[in-house]
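Residues per chain, in single letters:
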Amino acid sequence: MSVDVAASTNMESQDKKTPYSNEKTSPSLDIQEGHSSDIVDFKEEPEKELPRTFSPRQIQVINVGGTLGSGLFIVTGKALASGGPGSVIVGYALVCSAVFAVLQVVGEMTIAFPTSGNFIDYADRFVDPALAFAAGFAEWLGWTAVIGSEAVMFNTVVNYWADGAVPTAALYTIFLVFLAVLMFLPNQWFAWFEYITSILKIIGLLVIIFFCFAVILGAGANGQGHRYTGETWRELPVFKNGFSGFSSCMLYAIWAIGDNVMPGLTIGEGKTPRFSMGRAVKIVPFRVSVVYLIPCTLVSFIVRSDDDRLFGGKGAAASPFVIAANMAGVGGLGDFLNVIIMLGLTAIAAESIYISSRIARAMSHQRIVPRYMAKVNSWGQPMFAIGLTVVVGVILTYINLSATGVTVFTWLVSITSAAYFMVWMIIVISSVRFRAALKAQNDPLFEELYAWRMTGWPFTPIYLMAMCILLLIACIYSGLYSVGSTSISVYAFFEYMIGVLLILASYIGYKLVCRTKLRDLKTVDLQTGRRVISEGELTLLRTYYATPPWRRALSYFQIW
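On a predicted model such as this, the values are computed, not experimentally measured, just so you know. (Residues numbered from 1 in each chain as written. Predicted model: local features only at pLDDT ≥ 70, side-chain atom pairs only at ≥ 80, totals over all residues. Heavy atoms only, no water.)

A. Main features of the packing of helix α17 (residues 459-480) against helix α18 (residues 490-514). Packing of α17 against α18 brings their axes to within 6 Å, and their N-to-C directions diverge by 155°. Taken together, the axes of α17 and α18 are roughly antiparallel relative to one another. In this structure, α17 contributes Leu472, Cys475, Ile476, Ser478, Gly479 and Leu480 to the contact, and α18 contributes Ala492, Phe493, Tyr496, Met497 and Val500. (Axes fitted to C-alpha atoms, helices over the stretch in contact; angles between N-to-C directions. Helix = DSSP H or I, 4+ residues; strand = E, 2+ residues; numbered from the N terminus. Parallel < 35°, antiparallel > 145°, perpendicular 65-115°, else oblique. Contact = heavy atoms within 4.5 Å.)

Written as C-alpha coordinates, this is what we have:
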(Lines give C-alpha, C1' and ligand atoms only; values in the text may rest on other atoms or scores of the structure.)
Protein backbone atom coordinates (compact mmCIF):
# COMPACT_ATOMS: atom_id res chain seq x y z
CA MET A 1 0.00 0.00 0.00
CA SER A 2 2.81 2.40 0.85
CA VAL A 3 5.39 3.60 -1.63
CA ASP A 4 8.91 4.92 -1.21
CA VAL A 5 9.07 8.70 -1.33
CA ALA A 6 11.97 11.01 -1.95
CA ALA A 7 13.90 12.56 0.90
CA SER A 8 13.63 16.13 2.04
CA THR A 9 15.36 18.96 0.24
CA ASN A 10 19.08 19.19 -0.23
CA MET A 11 20.59 20.57 2.95
CA GLU A 12 23.98 20.83 1.27
CA SER A 13 22.80 23.82 -0.78
CA GLN A 14 22.13 25.93 2.29
CA ASP A 15 24.41 28.65 3.55
CA LYS A 16 27.48 27.21 5.28
CA LYS A 17 27.27 29.30 8.41
CA THR A 18 23.53 29.53 8.93
CA PRO A 19 21.63 26.66 7.29
CA TYR A 20 18.32 28.25 8.27
CA SER A 21 19.06 31.78 7.21
CA ASN A 22 16.38 34.43 7.06
CA GLU A 23 16.47 34.28 3.26
CA LYS A 24 13.87 31.80 2.12
CA THR A 25 15.12 29.02 -0.11
CA SER A 26 13.06 27.45 -2.84
CA PRO A 27 13.38 23.68 -2.84
CA SER A 28 13.27 21.77 -6.09
CA LEU A 29 9.72 20.51 -6.52
CA ASP A 30 8.32 17.90 -8.84
CA ILE A 31 4.55 18.37 -9.15
CA GLN A 32 3.09 15.30 -10.74
CA GLU A 33 0.69 15.84 -13.59
CA GLY A 34 -2.81 14.56 -13.18
CA HIS A 35 -2.75 14.74 -9.38
CA SER A 36 -3.74 17.21 -6.72
CA SER A 37 -1.49 20.20 -6.21
CA ASP A 38 -1.11 18.98 -2.64
CA ILE A 39 1.01 16.10 -3.91
CA VAL A 40 4.60 17.27 -4.09
CA ASP A 41 7.83 15.26 -4.02
CA PHE A 42 11.06 16.84 -2.87
CA LYS A 43 14.16 15.90 -4.87
CA GLU A 44 17.59 15.39 -3.37
CA GLU A 45 20.81 14.08 -4.85
CA PRO A 46 20.96 10.31 -4.18
CA GLU A 47 24.32 10.47 -2.38
CA LYS A 48 22.95 13.06 0.03
CA GLU A 49 19.79 11.30 1.19
CA LEU A 50 18.99 8.61 3.72
CA PRO A 51 16.88 5.79 2.28
CA ARG A 52 13.34 5.51 3.60
CA THR A 53 13.49 1.82 4.45
CA PHE A 54 11.38 1.61 7.63
CA SER A 55 7.89 0.35 6.88
CA PRO A 56 4.92 1.42 9.04
CA ARG A 57 4.73 -2.13 10.45
CA GLN A 58 8.41 -2.14 11.44
CA ILE A 59 8.12 1.27 13.08
CA GLN A 60 5.03 0.18 15.01
CA VAL A 61 6.66 -2.99 16.38
CA ILE A 62 10.00 -1.29 17.16
CA ASN A 63 8.14 1.43 19.04
CA VAL A 64 6.58 -1.22 21.29
CA GLY A 65 9.53 -3.56 21.86
CA GLY A 66 12.53 -1.40 21.07
CA THR A 67 13.18 -0.22 24.64
CA LEU A 68 12.79 -3.63 26.30
CA GLY A 69 16.05 -4.74 27.87
CA SER A 70 18.05 -4.60 31.08
CA GLY A 71 16.32 -1.35 32.02
CA LEU A 72 13.04 -3.20 32.57
CA PHE A 73 14.23 -6.64 33.56
CA ILE A 74 17.05 -5.71 35.97
CA VAL A 75 17.03 -1.99 36.82
CA THR A 76 13.46 -2.22 38.11
CA GLY A 77 14.86 -4.37 40.91
CA LYS A 78 17.22 -1.59 41.98
CA ALA A 79 14.35 0.88 41.81
CA LEU A 80 12.20 -1.38 43.99
CA ALA A 81 14.97 -1.69 46.58
CA SER A 82 15.62 2.07 46.58
CA GLY A 83 12.12 3.49 46.66
CA GLY A 84 9.69 0.71 47.44
CA PRO A 85 6.67 -0.36 45.34
CA GLY A 86 4.82 2.95 45.60
CA SER A 87 7.73 5.02 44.33
CA VAL A 88 8.33 2.55 41.51
CA ILE A 89 4.75 2.67 40.24
CA VAL A 90 4.35 6.45 40.60
CA GLY A 91 7.82 7.26 39.26
CA TYR A 92 7.54 4.99 36.24
CA ALA A 93 3.99 6.19 35.51
CA LEU A 94 5.08 9.83 35.52
CA VAL A 95 8.02 9.18 33.21
CA CYS A 96 5.86 7.10 30.86
CA SER A 97 3.28 9.90 30.72
CA ALA A 98 6.11 12.29 29.86
CA VAL A 99 7.14 10.00 27.00
CA PHE A 100 3.59 10.17 25.65
CA ALA A 101 3.79 13.96 25.80
CA VAL A 102 7.20 13.94 24.08
CA LEU A 103 5.86 12.00 21.12
CA GLN A 104 2.84 14.27 20.88
CA VAL A 105 4.98 17.41 20.89
CA VAL A 106 7.76 16.22 18.61
CA GLY A 107 5.32 14.33 16.36
CA GLU A 108 3.64 17.55 15.27
CA MET A 109 6.95 18.96 14.00
CA THR A 110 8.19 15.63 12.65
CA ILE A 111 5.23 15.09 10.36
CA ALA A 112 5.71 18.56 8.86
CA PHE A 113 9.52 18.23 8.65
CA PRO A 114 10.44 14.50 8.74
CA THR A 115 14.20 14.88 8.96
CA SER A 116 16.61 12.37 10.48
CA GLY A 117 17.92 13.90 13.69
CA ASN A 118 14.74 15.92 13.91
CA PHE A 119 14.77 17.69 17.28
CA ILE A 120 18.23 19.17 16.57
CA ASP A 121 16.92 20.50 13.29
CA TYR A 122 13.94 22.08 15.04
CA ALA A 123 16.05 23.67 17.80
CA ASP A 124 18.24 25.28 15.13
CA ARG A 125 15.43 26.18 12.78
CA PHE A 126 13.02 27.71 15.31
CA VAL A 127 15.17 28.77 18.28
CA ASP A 128 18.95 29.17 18.15
CA PRO A 129 21.90 27.22 16.62
CA ALA A 130 23.60 27.27 20.03
CA LEU A 131 20.67 25.36 21.53
CA ALA A 132 20.88 22.82 18.70
CA PHE A 133 24.59 22.34 19.38
CA ALA A 134 24.05 21.75 23.10
CA ALA A 135 21.23 19.28 22.48
CA GLY A 136 23.07 17.47 19.71
CA PHE A 137 26.37 17.09 21.53
CA ALA A 138 24.74 15.88 24.76
CA GLU A 139 22.44 13.47 22.91
CA TRP A 140 25.28 12.07 20.80
CA LEU A 141 27.60 11.54 23.77
CA GLY A 142 24.80 10.18 25.94
CA TRP A 143 23.66 7.57 23.43
CA THR A 144 27.24 6.65 22.53
CA ALA A 145 27.88 5.97 26.23
CA VAL A 146 24.92 3.55 26.15
CA ILE A 147 26.98 1.29 23.87
CA GLY A 148 29.50 0.82 26.67
CA SER A 149 26.85 0.25 29.33
CA GLU A 150 25.12 -2.43 27.28
CA ALA A 151 28.48 -4.12 26.62
CA VAL A 152 29.15 -4.26 30.36
CA MET A 153 25.69 -5.74 30.98
CA PHE A 154 26.23 -8.20 28.09
CA ASN A 155 29.32 -9.49 29.85
CA THR A 156 27.32 -9.82 33.07
CA VAL A 157 24.43 -11.78 31.59
CA VAL A 158 26.73 -14.13 29.66
CA ASN A 159 28.49 -14.91 32.93
CA TYR A 160 25.11 -15.98 34.31
CA TRP A 161 26.00 -19.16 32.40
CA ALA A 162 29.78 -18.93 31.85
CA ASP A 163 30.59 -17.93 35.45
CA GLY A 164 33.77 -16.09 34.44
CA ALA A 165 35.11 -18.78 32.09
CA VAL A 166 35.21 -16.35 29.13
CA PRO A 167 37.54 -13.31 29.43
CA THR A 168 35.73 -9.99 29.71
CA ALA A 169 37.75 -8.43 26.87
CA ALA A 170 36.73 -11.30 24.57
CA LEU A 171 33.03 -10.80 25.32
CA TYR A 172 33.36 -7.06 24.73
CA THR A 173 35.04 -7.75 21.40
CA ILE A 174 32.36 -10.20 20.24
CA PHE A 175 29.65 -7.73 21.19
CA LEU A 176 31.29 -4.78 19.43
CA VAL A 177 32.21 -6.69 16.26
CA PHE A 178 28.62 -7.86 15.84
CA LEU A 179 27.32 -4.31 16.24
CA ALA A 180 29.87 -2.86 13.83
CA VAL A 181 29.07 -5.42 11.13
CA LEU A 182 25.33 -4.87 11.56
CA MET A 183 25.55 -1.08 11.36
CA PHE A 184 27.79 -1.02 8.29
CA LEU A 185 25.38 -3.23 6.34
CA PRO A 186 22.50 -1.69 4.33
CA ASN A 187 19.83 -0.11 6.52
CA GLN A 188 17.36 -2.91 5.84
CA TRP A 189 19.47 -5.25 7.99
CA PHE A 190 19.20 -2.95 10.99
CA ALA A 191 15.47 -2.45 10.44
CA TRP A 192 14.79 -6.20 10.32
CA PHE A 193 17.09 -6.94 13.26
CA GLU A 194 15.25 -4.42 15.43
CA TYR A 195 11.89 -5.70 14.18
CA ILE A 196 12.61 -9.38 14.91
CA THR A 197 14.24 -8.78 18.31
CA SER A 198 11.34 -6.53 19.28
CA ILE A 199 8.87 -9.33 18.52
CA LEU A 200 10.87 -11.80 20.61
CA LYS A 201 11.13 -9.34 23.51
CA ILE A 202 7.39 -8.68 23.39
CA ILE A 203 6.76 -12.45 23.58
CA GLY A 204 9.11 -12.68 26.55
CA LEU A 205 7.37 -9.80 28.27
CA LEU A 206 3.95 -11.42 27.84
CA VAL A 207 5.29 -14.67 29.33
CA ILE A 208 6.55 -12.75 32.36
CA ILE A 209 3.23 -10.97 32.84
CA PHE A 210 1.21 -14.20 32.74
CA PHE A 211 3.74 -15.92 35.00
CA CYS A 212 3.59 -13.17 37.66
CA PHE A 213 -0.21 -13.18 37.53
CA ALA A 214 -0.28 -16.98 38.01
CA VAL A 215 2.17 -16.86 40.95
CA ILE A 216 0.10 -14.17 42.68
CA LEU A 217 -2.91 -16.50 42.45
CA GLY A 218 -0.98 -19.38 44.04
CA ALA A 219 0.81 -21.21 41.21
CA GLY A 220 4.34 -22.58 41.59
CA ALA A 221 5.95 -25.65 43.10
CA ASN A 222 7.28 -23.81 46.14
CA GLY A 223 4.20 -21.72 46.62
CA GLN A 224 2.06 -24.63 47.87
CA GLY A 225 -1.05 -22.69 47.02
CA HIS A 226 0.08 -19.46 48.69
CA ARG A 227 -1.68 -16.42 47.34
CA TYR A 228 -0.15 -12.97 47.51
CA THR A 229 -2.63 -10.44 48.88
CA GLY A 230 -0.44 -7.35 49.11
CA GLU A 231 1.69 -8.21 52.14
CA THR A 232 4.75 -6.73 50.42
CA TRP A 233 2.87 -3.41 50.38
CA ARG A 234 1.43 -3.68 53.90
CA GLU A 235 4.44 -4.95 55.85
CA LEU A 236 7.06 -2.62 54.33
CA PRO A 237 7.14 1.11 53.53
CA VAL A 238 5.28 1.80 50.30
CA PHE A 239 7.43 4.86 49.66
CA LYS A 240 10.80 3.73 50.93
CA ASN A 241 13.55 6.29 51.75
CA GLY A 242 11.19 9.23 51.27
CA PHE A 243 11.77 11.71 48.46
CA SER A 244 15.31 10.40 48.00
CA GLY A 245 13.92 6.98 47.12
CA PHE A 246 11.29 8.49 44.86
CA SER A 247 13.94 10.57 43.08
CA SER A 248 16.03 7.46 42.49
CA CYS A 249 13.02 5.66 41.00
CA MET A 250 12.34 8.51 38.59
CA LEU A 251 15.97 8.55 37.44
CA TYR A 252 15.99 4.75 37.09
CA ALA A 253 12.77 5.03 35.10
CA ILE A 254 14.12 7.57 32.62
CA TRP A 255 17.27 5.50 32.22
CA ALA A 256 15.22 2.37 31.55
CA ILE A 257 12.66 3.99 29.25
CA GLY A 258 15.00 6.40 27.48
CA ASP A 259 14.14 9.64 25.75
CA ASN A 260 12.28 7.83 22.93
CA VAL A 261 13.73 9.86 20.07
CA MET A 262 13.85 6.60 18.09
CA PRO A 263 10.32 6.97 16.63
CA GLY A 264 11.10 10.47 15.34
CA LEU A 265 14.38 9.34 13.82
CA THR A 266 12.89 6.29 12.12
CA ILE A 267 10.04 8.44 10.80
CA GLY A 268 12.74 10.62 9.22
CA GLU A 269 13.70 7.53 7.20
CA GLY A 270 10.18 6.10 7.01
CA LYS A 271 8.09 5.72 3.90
CA THR A 272 4.89 7.25 5.28
CA PRO A 273 5.62 9.93 7.95
CA ARG A 274 2.04 11.07 8.61
CA PHE A 275 0.64 7.57 8.87
CA SER A 276 3.55 6.07 10.85
CA MET A 277 4.08 8.91 13.33
CA GLY A 278 0.38 9.20 14.04
CA ARG A 279 0.23 5.52 14.95
CA ALA A 280 3.48 5.68 16.94
CA VAL A 281 2.01 8.38 19.16
CA LYS A 282 -1.21 6.46 19.74
CA ILE A 283 0.52 3.20 20.65
CA VAL A 284 2.48 4.78 23.53
CA PRO A 285 -0.34 4.25 26.11
CA PHE A 286 -0.19 0.54 25.28
CA ARG A 287 3.53 0.49 25.93
CA VAL A 288 3.09 2.52 29.13
CA SER A 289 0.55 0.14 30.61
CA VAL A 290 1.87 -3.21 29.36
CA VAL A 291 5.63 -2.85 28.98
CA TYR A 292 6.36 -1.04 32.24
CA LEU A 293 3.50 -0.51 34.65
CA ILE A 294 1.86 -3.94 34.56
CA PRO A 295 5.06 -6.02 35.09
CA CYS A 296 6.34 -3.64 37.78
CA THR A 297 3.02 -3.71 39.61
CA LEU A 298 2.68 -7.50 39.48
CA VAL A 299 6.23 -8.27 40.63
CA SER A 300 5.93 -5.77 43.49
CA PHE A 301 3.23 -8.06 45.00
CA ILE A 302 5.66 -11.00 44.97
CA VAL A 303 9.15 -9.66 45.74
CA ARG A 304 9.80 -7.67 48.91
CA SER A 305 11.67 -4.37 48.54
CA ASP A 306 14.13 -5.47 51.27
CA ASP A 307 15.16 -8.65 49.45
CA ASP A 308 18.99 -8.78 49.48
CA ARG A 309 19.07 -10.42 46.05
CA LEU A 310 17.91 -7.19 44.41
CA PHE A 311 21.30 -5.72 45.26
CA GLY A 312 23.49 -8.80 45.51
CA GLY A 313 22.56 -10.72 42.37
CA LYS A 314 24.38 -10.57 39.04
CA GLY A 315 22.79 -10.30 35.61
CA ALA A 316 19.42 -11.98 35.42
CA ALA A 317 19.87 -13.20 38.99
CA ALA A 318 19.30 -9.62 40.20
CA SER A 319 16.06 -9.33 38.24
CA PRO A 320 12.94 -9.22 40.42
CA PHE A 321 11.24 -11.47 37.86
CA VAL A 322 13.91 -14.18 38.24
CA ILE A 323 13.70 -13.83 42.02
CA ALA A 324 9.94 -14.37 41.72
CA ALA A 325 10.55 -17.47 39.57
CA ASN A 326 12.99 -18.91 42.09
CA MET A 327 10.54 -18.24 44.93
CA ALA A 328 7.86 -20.13 43.00
CA GLY A 329 10.24 -22.97 42.06
CA VAL A 330 9.82 -22.44 38.31
CA GLY A 331 12.97 -23.82 36.70
CA GLY A 332 14.29 -22.53 33.39
CA LEU A 333 12.73 -19.08 33.57
CA GLY A 334 16.06 -17.52 34.55
CA ASP A 335 17.70 -18.95 31.41
CA PHE A 336 14.79 -17.80 29.29
CA LEU A 337 14.92 -14.31 30.72
CA ASN A 338 18.68 -14.15 30.25
CA VAL A 339 18.21 -14.83 26.53
CA ILE A 340 15.63 -12.06 26.30
CA ILE A 341 17.95 -9.67 28.15
CA MET A 342 20.82 -10.49 25.77
CA LEU A 343 18.60 -9.72 22.79
CA GLY A 344 17.48 -6.50 24.44
CA LEU A 345 21.04 -5.41 25.19
CA THR A 346 22.20 -6.02 21.64
CA ALA A 347 19.20 -4.33 20.06
CA ILE A 348 19.44 -1.26 22.30
CA ALA A 349 23.19 -0.97 21.61
CA ALA A 350 22.43 -1.08 17.88
CA GLU A 351 19.77 1.61 18.38
CA SER A 352 22.38 3.68 20.19
CA ILE A 353 24.74 3.60 17.22
CA TYR A 354 21.86 4.37 14.87
CA ILE A 355 20.65 7.32 16.93
CA SER A 356 24.12 8.73 17.59
CA SER A 357 25.12 8.55 13.91
CA ARG A 358 21.91 10.31 12.83
CA ILE A 359 22.48 12.95 15.49
CA ALA A 360 26.01 13.54 14.16
CA ARG A 361 24.66 13.77 10.61
CA ALA A 362 21.99 16.26 11.63
CA MET A 363 24.61 18.40 13.35
CA SER A 364 26.70 18.28 10.17
CA HIS A 365 23.75 19.55 8.12
CA GLN A 366 23.55 22.49 10.48
CA ARG A 367 27.31 23.14 10.16
CA ILE A 368 27.87 22.37 13.84
CA VAL A 369 30.39 19.63 13.01
CA PRO A 370 32.41 19.03 9.79
CA ARG A 371 30.34 18.60 6.66
CA TYR A 372 31.74 15.20 5.73
CA MET A 373 29.77 13.71 8.64
CA ALA A 374 26.65 14.09 6.50
CA LYS A 375 27.99 12.08 3.57
CA VAL A 376 26.37 8.73 2.83
CA ASN A 377 27.52 5.78 0.75
CA SER A 378 25.69 4.02 -2.06
CA TRP A 379 23.65 2.08 0.52
CA GLY A 380 22.45 5.30 2.11
CA GLN A 381 24.55 4.81 5.26
CA PRO A 382 26.27 7.85 6.90
CA MET A 383 29.58 5.99 7.12
CA PHE A 384 31.67 8.73 8.73
CA ALA A 385 29.03 9.36 11.41
CA ILE A 386 28.67 5.63 12.11
CA GLY A 387 32.44 5.19 12.13
CA LEU A 388 32.98 7.99 14.66
CA THR A 389 30.24 6.63 16.90
CA VAL A 390 31.62 3.08 16.77
CA VAL A 391 35.17 4.26 17.55
CA VAL A 392 34.06 6.29 20.59
CA GLY A 393 31.76 3.47 21.66
CA VAL A 394 34.70 1.04 21.52
CA ILE A 395 36.80 3.37 23.69
CA LEU A 396 34.01 3.79 26.24
CA THR A 397 33.55 0.02 26.33
CA TYR A 398 37.17 -1.02 26.81
CA ILE A 399 37.76 1.75 29.36
CA ASN A 400 35.80 -0.45 31.76
CA LEU A 401 38.74 -2.86 31.76
CA SER A 402 40.96 -0.27 33.46
CA ALA A 403 41.17 0.30 37.21
CA THR A 404 39.39 3.66 36.96
CA GLY A 405 37.05 2.62 34.17
CA VAL A 406 34.01 2.08 36.38
CA THR A 407 34.35 5.57 37.87
CA VAL A 408 34.67 7.22 34.46
CA PHE A 409 31.79 5.20 33.06
CA THR A 410 29.49 6.11 35.97
CA TRP A 411 29.90 9.77 35.05
CA LEU A 412 29.08 9.02 31.41
CA VAL A 413 25.91 7.20 32.45
CA SER A 414 24.92 10.27 34.46
CA ILE A 415 25.41 12.38 31.33
CA THR A 416 23.04 10.07 29.45
CA SER A 417 20.29 10.22 32.07
CA ALA A 418 20.40 14.01 32.39
CA ALA A 419 20.60 14.45 28.62
CA TYR A 420 17.22 12.74 28.19
CA PHE A 421 15.10 15.19 30.15
CA MET A 422 17.18 18.19 29.08
CA VAL A 423 16.49 17.28 25.46
CA TRP A 424 12.79 17.08 26.34
CA MET A 425 13.01 20.66 27.60
CA ILE A 426 14.58 21.72 24.31
CA ILE A 427 11.80 19.95 22.39
CA VAL A 428 9.18 21.92 24.35
CA ILE A 429 10.95 25.22 23.65
CA SER A 430 11.23 24.33 19.94
CA SER A 431 7.54 23.40 19.79
CA VAL A 432 6.42 26.70 21.32
CA ARG A 433 8.59 28.60 18.85
CA PHE A 434 7.31 26.43 15.98
CA ARG A 435 3.72 27.29 16.80
CA ALA A 436 4.60 30.97 17.19
CA ALA A 437 6.34 31.00 13.78
CA LEU A 438 3.29 29.47 12.09
CA LYS A 439 1.14 32.17 13.65
CA ALA A 440 3.56 34.99 12.81
CA GLN A 441 3.72 33.96 9.15
CA ASN A 442 0.05 32.96 8.81
CA ASP A 443 1.16 29.54 7.62
CA PRO A 444 -1.75 27.19 6.74
CA LEU A 445 0.05 24.02 7.86
CA PHE A 446 -2.84 22.73 9.94
CA GLU A 447 -5.29 23.34 7.12
CA GLU A 448 -3.51 20.98 4.70
CA LEU A 449 -4.85 17.62 3.66
CA TYR A 450 -4.68 15.11 6.54
CA ALA A 451 -2.95 17.69 8.73
CA TRP A 452 -1.81 16.33 12.10
CA ARG A 453 -1.56 18.29 15.32
CA MET A 454 -0.79 17.33 18.89
CA THR A 455 -3.53 16.50 21.35
CA GLY A 456 -4.20 19.03 24.09
CA TRP A 457 -2.23 22.09 23.00
CA PRO A 458 -1.04 24.01 25.01
CA PHE A 459 -1.51 21.67 28.01
CA THR A 460 0.69 18.91 26.56
CA PRO A 461 3.95 20.92 26.28
CA ILE A 462 3.23 22.59 29.64
CA TYR A 463 2.82 19.17 31.27
CA LEU A 464 5.99 17.90 29.62
CA MET A 465 7.98 20.88 30.89
CA ALA A 466 6.60 20.30 34.40
CA MET A 467 7.78 16.67 34.27
CA CYS A 468 11.23 17.82 33.11
CA ILE A 469 11.47 20.24 36.03
CA LEU A 470 10.47 17.43 38.41
CA LEU A 471 13.20 15.22 36.94
CA LEU A 472 15.72 18.04 37.31
CA ILE A 473 14.72 18.42 40.97
CA ALA A 474 15.09 14.64 41.42
CA CYS A 475 18.54 14.81 39.85
CA ILE A 476 19.66 17.63 42.15
CA TYR A 477 18.16 16.00 45.25
CA SER A 478 19.76 12.63 44.44
CA GLY A 479 23.10 14.35 44.10
CA LEU A 480 22.73 15.96 47.50
CA TYR A 481 20.91 13.21 49.40
CA SER A 482 21.40 9.94 47.53
CA VAL A 483 19.95 6.72 48.95
CA GLY A 484 22.26 5.32 51.60
CA SER A 485 24.40 8.44 52.02
CA THR A 486 24.85 10.00 55.46
CA SER A 487 26.22 13.38 54.39
CA ILE A 488 26.28 15.74 51.43
CA SER A 489 29.03 14.88 48.95
CA VAL A 490 30.33 17.35 46.38
CA TYR A 491 31.58 14.44 44.30
CA ALA A 492 28.13 12.78 44.29
CA PHE A 493 26.48 16.09 43.40
CA PHE A 494 28.64 16.61 40.32
CA GLU A 495 28.28 12.95 39.41
CA TYR A 496 24.50 13.38 39.13
CA MET A 497 24.60 16.92 37.72
CA ILE A 498 27.42 16.57 35.17
CA GLY A 499 24.97 16.04 32.31
CA VAL A 500 22.97 19.16 33.13
CA LEU A 501 26.11 21.26 33.59
CA LEU A 502 27.63 19.97 30.35
CA ILE A 503 24.57 20.90 28.32
CA LEU A 504 24.41 24.39 29.85
CA ALA A 505 28.15 24.88 29.29
CA SER A 506 27.83 23.70 25.67
CA TYR A 507 25.05 26.17 24.99
CA ILE A 508 26.77 29.13 26.65
CA GLY A 509 30.16 28.31 25.11
CA TYR A 510 28.79 27.98 21.59
CA LYS A 511 26.74 31.13 22.05
CA LEU A 512 29.78 33.17 23.12
CA VAL A 513 32.15 31.80 20.48
CA CYS A 514 29.81 31.85 17.47
CA ARG A 515 27.68 34.81 18.63
CA THR A 516 24.46 33.19 17.41
CA LYS A 517 21.16 35.02 17.57
CA LEU A 518 17.62 33.98 18.33
CA ARG A 519 15.68 33.22 15.16
CA ASP A 520 13.20 35.84 14.00
CA LEU A 521 9.75 34.26 14.05
CA LYS A 522 8.63 36.28 11.03
CA THR A 523 11.43 34.98 8.84
CA VAL A 524 12.28 31.50 10.14
CA ASP A 525 12.38 28.87 7.41
CA LEU A 526 9.05 27.06 7.17
CA GLN A 527 9.70 25.61 3.71
CA THR A 528 13.03 23.78 3.52
CA GLY A 529 12.54 20.07 4.09
CA ARG A 530 8.78 20.43 4.46
CA ARG A 531 7.00 17.25 3.49
CA VAL A 532 3.79 17.70 1.59
CA ILE A 533 1.79 14.50 1.46
CA SER A 534 2.81 12.09 -1.31
CA GLU A 535 0.42 10.29 -3.60
CA GLY A 536 1.20 6.92 -2.05
CA GLU A 537 0.63 8.11 1.49
CA LEU A 538 -2.53 9.93 0.47
CA THR A 539 -3.92 6.69 -0.93
CA LEU A 540 -2.82 4.81 2.18
CA LEU A 541 -4.52 7.28 4.53
CA ARG A 542 -7.76 7.32 2.53
CA THR A 543 -7.87 3.53 2.52
CA TYR A 544 -7.04 3.35 6.23
CA TYR A 545 -9.73 5.78 7.35
CA ALA A 546 -12.28 4.13 5.08
CA THR A 547 -12.03 0.92 7.12
CA PRO A 548 -14.27 0.38 10.19
CA PRO A 549 -12.92 1.69 13.53
CA TRP A 550 -12.70 -1.81 15.00
CA ARG A 551 -10.41 -2.95 12.18
CA ARG A 552 -8.20 0.10 12.63
CA ALA A 553 -7.96 -0.71 16.34
CA LEU A 554 -6.98 -4.33 15.66
CA SER A 555 -4.27 -3.19 13.23
CA TYR A 556 -2.30 -1.79 16.19
CA PHE A 557 -1.76 -5.38 17.37
CA GLN A 558 -0.70 -6.70 13.98
CA ILE A 559 3.03 -7.40 13.80
CA TRP A 560 3.34 -8.75 10.26
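B. View of helix α6 (residues 168-184). Given a rise of 1.5 Å per residue, 17 residues ought to cover 24 Å, and the 25 Å separating the end C-alpha atoms of α6 matches this to within 8%. For α6, the complete set of buried residues consists of Leu171, Tyr172, Phe175, Leu176, Leu179, Ala180, Leu182 and Met183. All buried residues of α6 fall inside an arc of 165° around its axis, so they share one side. Turning to α6, the residues buried within the fold contact α5 (129-162), α7 (187-216), α14 (333-365) and α15 (383-398). (Expected span 1.5 Å × (residues − 1). Buried < 20%, exposed > 50% of the residue type's maximum accessible area, 1.4 Å probe, protein only. Arc of directions from axis to C-beta.)

C. Molecular detail of the environment of alanine 418. With respect to the element layout, alanine 418 can be found in helix α16 (residues 405-440). Residue classification places alanine 418 among the buried positions, given a relative accessible area of 1%. Along the backbone, alanine 418 and isoleucine 254 are 164 residues apart, and their C-alpha atoms lie at a distance of 9.0 Å. When residues no more than four places from it in sequence are discounted, the contact partners of alanine 418 are Gly499, Val500 and Ile503.

D. Summary view of a nonpolar patch on the surface. Together, Val490, Phe494, Leu501, Leu504, Ile508, Leu512 and Val513 make up a nonpolar patch on the protein surface, roughly 680 Å² of accessible area in all. The residue valine 490 is located in helix α18 in this model. (Patch = residues over 30% accessible without salt bridge, like charges linked within 9 Å, V, L, I, M, F, W, Y side chains within 5 Å. Areas by Shrake-Rupley, 256 points an atom, 1.4 Å probe, with all protein chains shown as cover. Salt bridge = Lys/Arg side-chain N within 4 Å of Asp/Glu carboxyl O.)

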